[in-house]
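Listed here are the chains, written in short residue letters.
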Amino acid sequence: MSDDEPIPIAATPFPYPFAPGGRTALVVIDMQRDFVEPGGFGASLGNDVSLLHTAIEPIAALLAAWRARGWPVVHTREAHLPDLSDCPPAKRLRGAPSLRIGETGTMGRLLVRGEPGTSIIPALAPQRGELAIDKPGKGMFWATGLHEMLQALGVTHLVFTGVTTEVCVQTSMREANDRGYDCLLVEDATESYFPEFKAAALAMIAAQGAIVGWHTPSAALLAALPASAVKSPGA
Ligand code: TIU
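Now for a description of the structure that goes with this document. Everything numeric in this text was worked out from a predicted model, so none of it was measured.

Rules of the game
Residues numbered from 1 in each chain as written. Predicted model: local features only at pLDDT ≥ 70, side-chain atom pairs only at ≥ 80, totals over all residues. Heavy atoms only, no water. Helix = DSSP H or I, 4+ residues; strand = E, 2+ residues; numbered from the N terminus. Expected span 1.5 Å × (residues − 1). Phe/Tyr/Trp six-rings, centres within 6.5 Å; stacked < 30°, edge-to-face > 60°. Buried < 20%, exposed > 50% of the residue type's maximum accessible area, 1.4 Å probe, protein only. Lys NZ or Arg CZ within 6 Å of the ring centre and 35° of its normal. Contact = heavy atoms within 4.5 Å. Salt bridge = Lys/Arg side-chain N within 4 Å of Asp/Glu carboxyl O.

### Comments concerning helix α6 (residues 165–178)
Moving on, step 1. Between its first and last C-alpha, α6 extends 18 Å over 14 residues, near the 20 Å set by a 1.5 Å rise per residue.
Moving on, step 2. Just past α6, the residue Gly-180 takes up positive phi, approximately 100°.

As structure tokens, this is what we get:
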């Protein structure tokens, strides 16, 4: 099969034209201790963080598939500068959390770059050669320079995973669609603190003829990927 020919992936609302040859990046949004573990930002908002755990294994399987093929991977972290100059009051003062962004919890200062809680969970830790970007907003393109990095790599398609579906994942996917990327969201590799919001986000994304993009289970995507070059030990 030619690297130029799209591979049709069974998806909602119709097959997704997957671009092989390293033109599709796997995006892992904000799989940070601050959202997934007790004592972090997600818990400070009153959420049950265990609801996000089912996404971890499917994301790990997708990471393994991308790594085996040498395709580009992007990890994002929602993280602010230590002086919070990139965290406007409209974000910092919103709601009534038990701890606000920048305050100190059991894993350090919430959503501040370099703090233990801001790191990506060990099961999904970035590897050398993968992009790992700190983003001050919900969307991954705001104030990050990511679009230029992806253009330099020749990436035209994005496969989305991570948390939370209707907040940072959906915002990033909408930003990506506006920038011309064809986007696929992996249903079991994304989670929300609110199952009904996850379902609504999936429906909104695919409605009106994939107005934002497509969604599919990880099994359908993995089954359709071209074979990886098998790397022998020591190769
Ligand atoms: N609160 C919530 O659902 N999400 C966030 O605050 N950030 C992300 O989605 N990463």
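### Re the packing of aromatic side chains
Moving on, step 1. The tally for this structure, following the rule as stated, stands at eight aromatic pairs.
Moving on, step 2. With a centroid separation of 5.9 Å and 75° between ring planes, the pair formed by Phe-18 and Trp-66 is classed as edge-to-face. With a gap of 48 residues between them, Phe-18 in strand β2 (residues 16–18) and Trp-66 in helix α3 (residues 56–69) connect regions that are remote in the sequence. Neither Phe-18 nor Trp-66 differs from the other in exposure class; each is buried.
Moving on, step 3. A network of ring pairs unites the aromatic residues Phe-14, Tyr-16 and Trp-214 as a single cluster.
Moving on, step 4. For the cation-ring pair, Arg-69 lies above Trp-71, with the distance from its terminal atom to the ring centre recorded as 5.8 Å.

### A short note on helix α7 (residues 195–210)
Moving on, step 1. With 16 residues, α7 extends 21 Å between its outermost C-alpha atoms, agreeing within 8% with the 22 Å of an ideal straight helix rising 1.5 Å per residue.
Moving on, step 2. Listed as buried for α7 are Lys-198, Ala-201, Leu-202, Ile-205, Ala-206 and Ala-210.
Moving on, step 3. Its buried side turned inward, α7 meets α6, β9 (182–191) and β10 (214–216).

### Overview of the pattern of salt bridges
Moving on, step 1. Going through the model one piece at a time under the given rule, you end up with seven salt bridges.
Moving on, step 2. Among the salt bridges present, the one from Lys-135 reaches Asp-30, with a minimum N-O distance of 2.7 Å. Within this pair, whereas Lys-135 is found in strand β7 (residues 131–135), its partner Asp-30 is found in the loop between β3 (24–29) and α1 (33–36), the two being separated by 105 residues in sequence.
Moving on, step 3. Each of Arg-77, Arg-113 and Asp-134 takes part in salt bridges that share partners, so that together they form one network.

### Points about unusual backbone geometry
Moving on, step 1. Looking along the chain, the bond that leaves Thr-12 and enters Pro-13 is cis, with omega of 10°.
Moving on, step 2. One can find Pro-13 in the loop between β1 (7–9) and β2.
Moving on, step 3. Cis rather than trans, the peptide bond between Val-163 and Thr-164 has omega equal to -15°.
Moving on, step 4. Looking at the secondary structure, you find Thr-164 in the loop between β8 (157–163) and α6.
Moving on, step 5. The phi dihedral of Gln-208 is positive, around 55°, even though this residue is not glycine.
Moving on, step 6. By the element assignment, Gln-208 lies in helix α7.
Moving on, step 7. Although it is not a glycine, Ala-210 sits at a positive phi angle of roughly 60°.
Moving on, step 8. Mapping Ala-210 onto the fold places it in helix α7.
Moving on, step 9. Using a relative accessible area of 12% as the deciding quantity, one classes Ala-210 as buried.

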